[in-house]
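So the chains spell out like this:
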Amino acid sequence: MQEVLTNNSPRLHENFSQVAKSYYQLTKPRIILLLLITTSAGMWMAAKGEVEPLLLVSTITGGALASASANTINCVYDSDIDYIMERTRWRPIPSGRVKKRDALIFAIALATISFTLLTVVANLLAALLAMSGIVFYVLIYTHWLKRHSVQNIVIGGAAGAIPPLVGWAAVTGDLSWGAWMLFGIIFLWTPPHFWALAMMIRDEYEGVGVPMLPVIEGDEETARQIWIYTLLMLPATLLLVYPLNLAGGVYTGTAIFLGAIFAQKAWLLLQTPEDKNLARSLFKYSILYLMLLCAGIVVDSLPATHNFTTAVVHNVHTFISAVLM
Ligand code: HEM
Ligand SMILES: CC(C)=CCC/C(C)=C/CC/C(C)=C/COP(=O)(O)OP(=O)(O)O
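Just so it is clear, the model here is predicted, and its values are computed rather than measured.

**A word on the overall build of the chain**
Part 1: Assigned secondary structure in the chain consists of 14 helices and 0 strands.
Part 2: For the chain, the α and β elements follow one another from N to C terminus as α-α-α-α-α-α-α-α-α-α-α-α-α-α.
Part 3: Burial statistics for the chain: of 325 residues in total, 49% are counted as buried.
Part 4: For the chain, contacts bridging at least 24 residues in sequence account for 72% of all contacts bridging at least 6.
Part 5: Element-wise, carbon and sulfur atoms account for 68% of the exposed surface of the chain, whose accessible area totals about 16400 Å².
Part 6: Side chains of the chain carry 20 positive and 20 negative charges; the gap between the two charge centres is 6 Å.

The structure is reproduced here in structure tokens:
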């Protein structure tokens, strides 16, 4: 006999949570987390460590909804190749758990709520930047470049660098050098982040005809380009300290320490480009690197940190003067 589903039925709850889980997976939540960390870094730096809580929560929520919308549209567009690749076959659309049409409606709803929230609580510039992130990621990266250009992630990577601009604009209403510098750091971070992963799963991309750098140019050339982007990114992180003067000692120490490990991993990969373990290690570290670098920005920008470092510098100065007298 068929079971009658009532509001209290355990099966109804189970079905609902399965559906909710599928929609949640469409948004690629773990990637969103790091995008939000970069948004927060932009906000803290712009606000010199004093961010209004309501603005913070609304901007993070608006940014998360915009990124979720972008990732969902990407899942709709790429469902044909996601179905073939091992890594992506379990996703909600290729595995038949969510229909493309429903996913698109979900993405439009997310973008609409994001735009409204950011416009009302932050400002129009932040809202427009978030929408431009969706458009850039979907049209320029996913539609235009991903399947047609070996430079796909270099140019398309600009979409992933937009979140700190959203955060900065939400706080100040405009974009200054600091905002563009954060954009530049993430822009230069993206090729080592992604190509390290692409070296690990080159065969999967080759199988679906996506012209990622390791597929077209091989491991050696990819490791060489990862090294070049690493060498460009590391000094870029320090431009926030000099000449921009937007970060202090805590950030400088963090950036140098984390950067040295990044350089070491990229260097080892350059020596042995075919070693997939080294590629995996660099890919994983790239994520930790960006998280900790952003944490460094936040901690460095706090007024308490500024007061503490000023006091330390003052005391060291007094001590040296006393010794020399
Ligand atoms: C064009 C630019 C980028 C490309 C092509 C790219 C590509 C990828 C791919 C293919 C994965 C593996 C995902 C999976 O296994 O399902 C990944 C993982 C990840 N990406 Fe990126 N990425 C880009 C930019 C970014 C940016 C800007 C961020 C955040 C600031 C980011 C954060 C992450 C994180 C956190 C993961 C790990 C997710 C997990 O643990 O499953 N990525 N990326
Ligand atoms: C402000 C704003 C909303 C910006 C959008 C930023 C955004 C969603 C960046 C995503 C970057 C990313 C994970 C690309 C991977 O796509 P892929 O298609 O190569 O990955 P896949 O093979 O795992 O599907």
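**Topic: the site of ligand 2**
Part 1: Every one of the 19 residues lining ligand 2 counts as a neighbour, but Arg87, Arg91, Tyr137, Tyr141 and Lys146 are closest to it.
Part 2: Separating an oxygen atom of ligand 2 from a side-chain N or O atom of Tyr141 is a distance of 2.6 Å.
Part 3: In the model, an oxygen atom of ligand 2 is placed 2.8 Å from a nitrogen or oxygen of the Lys146 side chain.
Part 4: When the free accessible area of ligand 2 is taken as 640 Å², the share hidden by the protein chains comes to 89%.
Part 5: Looking at the shell around ligand 2, the elements that each hand over two or more residues are helix 2 (29–46), helix 3 (53–77) and helix 6 (124–145).
Part 6: Looking at the shell around ligand 2 element by element, the count peaks at 5 residues for helix 3.
Part 7: A per-class count over the shell around ligand 2 returns 10 nonpolar, 4 polar and 5 charged.

**A look at the site of ligand 1**
Part 1: Taken together, 19 residues sit near ligand 1, with Arg30, Arg87, Arg91, His193 and Phe194 positioned nearest.
Part 2: In this structure, an oxygen atom belonging to ligand 1 sits 3.1 Å away from a side-chain N or O atom of Arg91.
Part 3: Contact between ligand 1 and His193: a nitrogen atom at 3.1 Å from a side-chain N or O atom of the residue.
Part 4: Those elements that provide at least two residues to the shell around ligand 1 are helix 2, helix 9 (177–200) and helix 13 (276–301).
Part 5: Of the residues forming the shell around ligand 1, the biggest block, 5 residues, is contributed by helix 9.
Part 6: Its residues assigned to classes, the shell around ligand 1 shows 12 nonpolar, 4 polar and 3 charged.

**Brief notes about the packing of helix 6 against helix 8 (residues 163–172)**
The relative placement of two packed helices is expressed as an angle between their axes plus a distance between the axes.
Part 1: Their axes nearest at 8 Å, the elements helix 6 and helix 8 cross at an angle of 170 degrees. On the basis of their axis angle, the class for helix 6 and helix 8 is roughly antiparallel. Residues Leu125, Ala126, Leu129 and Ala130 of helix 6 form the contact with helix 8, whose participating residues are Leu165, Val166, Ala169 and Ala170.
Part 2: Its residues assigned to classes, the contact of helix 6 with helix 8 shows 8 nonpolar, no polar and no charged.

**So, the side chain of Thr27**
Part 1: Positionally, Thr27 belongs in the loop between helix 1 (10–26) and helix 2.
Part 2: Relative accessible area serves as the criterion here: at 8%, Thr27 is assigned to the buried category.
Part 3: Polar side-chain contacts of Thr27 include one of 2.6 Å to the backbone oxygen of Tyr24.
Part 4: For Thr27, the contacting residues outside a window of four places in its chain are Ile32, Ala68, Asn71, Thr72, Phe106 and Leu110.

Cut-offs used in this document
Residues numbered from 1 in each chain as written. Chains lettered and ligands numbered in written order. Predicted model: local features only at pLDDT ≥ 70, side-chain atom pairs only at ≥ 80, totals over all residues. Heavy atoms only, no water. Helix = DSSP H or I, 4+ residues; strand = E, 2+ residues; numbered from the N terminus. Buried < 20%, exposed > 50% of the residue type's maximum accessible area, 1.4 Å probe, protein only. Contact = heavy atoms within 4.5 Å. Areas by Shrake-Rupley, 256 points an atom, 1.4 Å probe, with all protein chains shown as cover. Lys, Arg positive; Asp, Glu negative; His and termini not counted. Charge placed at Lys NZ, Arg CZ, Asp CG, Glu CD. Near = heavy atom within 4 Å. Polar contact = N/O pair within 3.5 Å; in protein donor to acceptor, adjacent residues only side chain to side chain. Nonpolar A, V, L, I, M, F, W, Y, C, P; charged D, E, K, R; others polar. Axes fitted to C-alpha atoms, helices over the stretch in contact; angles between N-to-C directions. Parallel < 35°, antiparallel > 145°, perpendicular 65-115°, else oblique.

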